[in-house]
Amino acid sequence: MGDSPTELNLGRKSVARPRQRETPAPEQRPDEIPKSDENSLRFLRVLGVEDFKKIEFSDRLTTFSRDGKEIGNFFVSVSTSSNGLGQGLLVKATSVGNIDGLLCGTKITAIISPNMLETVEHRQNDFLFLKDDCLKRDTEIVKQGNGFLITRCTARAQETRKTSRFVEQRHAIGLISEGADLILQRLLALKGISGDVSLIALDTNTNIGSAKYERLTGEMKDGVIGISRTVFPWQDTPVTWHSQFTKRGQLIQRHQIGAAFTMKLSPIEIRKSMNGAASCTDRENKGQSLTSGCSNGKTKYAEDSEIYLKQHPELRTITTDFLQLLFVQKPANVPLFAANYFSSLASESDSSESTAVGTT
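If you're wondering where the values come from, they're calculated on a predicted model, not measured in any experiment.

Turning next to the overall build of the protein. Secondary structure assignment for the protein yields eight helices and 17 strands. Out of the 360 residues belonging to the protein, those deemed buried represent 45%. The contacts of the protein with a sequence gap of at least 6 include a subset with a gap of at least 24, amounting to 49%. For the protein, the exposed area adds up to about 18800 Å²; of that, 51% sits on carbon and sulfur atoms.

What follows concerns the pairing of strand β17 (residues 261–264). Across four bridges, strand β4 (residues 58–65) lies against β17 in antiparallel orientation. Note on β17: the bridge partner recorded for S65 is F261. Bridge analysis of strand β16 (residues 251–256) against β17 gives two bridges, and the strand direction is antiparallel. Looking at β17, one finds that Q253 is bridged to K264. Counting the residues between successive antiparallel strands, the hairpin from β16 to β17 contains four residues, one of them, G258, with a positive phi of roughly 95 degrees.

What follows deals with helix α1 (residues 38–45). Of all the positions in α1, only S40, L41, F43 and L44 are classed as buried. Projection of α1 onto a plane perpendicular to its axis shows the buried side chains occupying an angular sector of 150 degrees, all on one side. On the buried face of α1, the contacting elements are α3 (178–191) and β12 (197–202). For α1, the capping residue at the N-terminal end is D37, with a side-chain oxygen 3.2 Å from the backbone nitrogen of N39.

For the rest of this paragraph, the subject is the packing of aromatic side chains. Tallying each qualifying case throughout the model produces one aromatic pair. Over the ring of F148 we find K143; its NZ or CZ atom is 5.6 Å from the centre of that ring. In this structure, R229 packs its charged tip against the face of W241, placed 5.0 Å from the ring centre.

Side-chain positions along a regular strand alternate between the two faces of the sheet. Of the strand pairs in this sheet, strand β14 (residues 224–232) and strand β15 (residues 239–246) are connected by eight bridges, and their pairing is antiparallel. Pairing of R229 across the sheet is with W241, part of β15. With antiparallel pairing between neighbouring strands as the criterion, β14 and β15 make up a hairpin whose turn holds six residues. Relative to β16, β15 runs antiparallel, the two sharing five bridges. Looking at β16, one finds that W241 is bridged to Q256. Counting the residues that bridge the hairpin from β15 to β16 gives four residues, and of these G249 lies at a positive phi of roughly 95 degrees.

With that settled, the discussion passes to the pattern of salt bridges. Scanning the entire structure with this criterion turns up 12 salt bridges. Of the charged contacts in the structure, one is a salt bridge between K191 and D51, with a shortest N-O distance of 3.2 Å. Highlighted residues: K191 in helix α3 and D51 in helix α2 (residues 49–53), separated in sequence by 140 residues. K191 sits in the partly exposed class, given a relative accessible area of 40%. By relative accessible area, which is 13% here, D51 ends up buried.

Although it is not a glycine, L117 sits at a positive phi angle of roughly 55 degrees. Checked against the element boundaries, L117 lands in the loop between β7 (102–112) and β8 (119–129). You can call L117 buried: its relative accessible area is 0%. Despite not being glycine, T206 has its phi angle at roughly 65 degrees, a positive value. For T206, the position within the fold is in the loop between β12 and β13 (208–215).

We now examine α3. A rise of 1.5 Å per residue sets the reference length of α3, with its 14 residues, at 20 Å; its end C-alpha atoms lie 20 Å apart and thus fit the reference within 8%. Of all 14 residues that make up α3, 11 are buried, and the element is covered over most of its length. For α3, every residue scored as buried is listed here: G179, A180, D181, L182, I183, L184, Q185, R186, L187, L188 and A189. At the exit of α3 stands G192, carrying a positive phi of roughly 75 degrees.

This part takes up the side chain of T240. Here T240 shows up in strand β15. Taking relative accessible area as the criterion, T240 reaches 18% and is therefore assigned buried. Within the structure, the side chain of T240 is placed 2.8 Å from the side chain of T230, a separation counted as a polar contact.

With that settled, consider the nonpolar core. Residues L44, L117, I183, L184 and Y213 are the most contacted members of the largest nonpolar core, which totals 40 residues. No other element matches α3, which puts seven residues into this core. Those residues in contact with Y213 that lie beyond four places of it in its chain are I176, D181, L184, Q185, L188, I193, G195, D196, V197, I227, S228 and R229. By size, the runner-up hydrophobic cluster in this structure holds 11 residues, among which are V96, C134, L325 and A338.

What counts, and at which threshold
Residues numbered from 1 in each chain as written. Predicted model: local features only at pLDDT ≥ 70, side-chain atom pairs only at ≥ 80, totals over all residues. Heavy atoms only, no water. Helix = DSSP H or I, 4+ residues; strand = E, 2+ residues; numbered from the N terminus. Buried < 20%, exposed > 50% of the residue type's maximum accessible area, 1.4 Å probe, protein only. Contact = heavy atoms within 4.5 Å. Areas by Shrake-Rupley, 256 points an atom, 1.4 Å probe, with all protein chains shown as cover. Pairing = 2+ DSSP bridges. Arc of directions from axis to C-beta. Polar contact = N/O pair within 3.5 Å; in protein donor to acceptor, adjacent residues only side chain to side chain. Phe/Tyr/Trp six-rings, centres within 6.5 Å; stacked < 30°, edge-to-face > 60°. Lys NZ or Arg CZ within 6 Å of the ring centre and 35° of its normal. Salt bridge = Lys/Arg side-chain N within 4 Å of Asp/Glu carboxyl O. Expected span 1.5 Å × (residues − 1). Core = buried A, V, L, I, M, F, W, Y, C linked by side-chain atoms within 4.5 Å.

The values are spatial; any link to function lies outside them.
Here is the structure:
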C-alpha cells in the first residue's frame, strides 16, 4: 500500500485510512494443533471426477428472521475452473442481509483442488455497515510451496490492521476452508453421510481448530439429509451450523445455532428440488438469455448484450442480490442504500483485481 491514504466512501462520510500496520498472528504450539481423523482423510482421498461433476450447480436461499420476515439472501455456486496448478473447482458464495437494522454480508471466492479438497486460493470479504462507519474484514488463504499463507486485514474508521501467518503442510492435512466446506457438505449429502467426519478448519482468528461433521437425526422429510458442522476453535466457544440437503446435494436450509435468522429455499423451489427438477438458478447458469423472447428479431444490440452477459455471469448475481435486498428492506433513501451496497462490492473488487483467483 502506498504512502497516500485511501478514501473509504461510507455513505455520506469519507474516512481517510492510513497505512496498514502488519502484526504477526498469535501462533499455536505444535502440540495445540488438532489433527484430522484418518478415516475422514480416506474419504477425501477416494473422491473422484464423477463425484465432482454431480455437484456443479448453484443454490439460492432466502434469509428469514425468527418472526418469518425476509431480511436477505444467500447464493453459492460450484463450477469447474482451470488455474495455474491444473483443473480445480471454483466456488462463489454471497450472503447479504439486514440483521437488527444493520446491512452486513460475506463474499467468498475460492479455487479448491479435487485432491482432498485442498485450498489453492481462498478469499473471503466480510462487511458490516454501522450508522456512521463500516467494518470490513478480508481473509486470504494461498497455497505456497510446502504450506499455506494466511492473511487477515481488518479495517474500521481510520485504522487498518493486517496479520499474517504461514501454516506448514504437515499441520494442514485435511484443512477445510469455508469454500471447501461448501463442496464437502454437498458431497456428504450426495454420498449419504453415515459416521462422523473429523477434519480441521480455521477459526475466526485464523488459528486451526477441529471441524466435526455428523448426520442429523430426528424429524426429517423424506429425501432430506441433515448435516451438522461444528468448528472447535483454538481458544473460543464451538460454533455449530445445521444444514439440510436433498439427496442430489442441493441445499434447502442453513442455520447457525444461536443466530436470529435461517436461510431457506422457498416452498415452491423445495418441491421442485425434491422432484428432481432444476432450480431457477440452474436454468440461469445454463445460459438462459434475458433476450430469449427476441429469437427471430434479435438486433445487433440484443446480440451484443447477450454476449456481454455470458462474459460477465456475475452481473446477473449482483443485480438479483441487490434488488432482492432492496425489496426486503424497502429503504427510504434508495441512492444512499445503493451507494453503501455497491461501494462494498467495488472495494472488494479493487483489493483483488491484481491477484484475481484462478489467474496464473
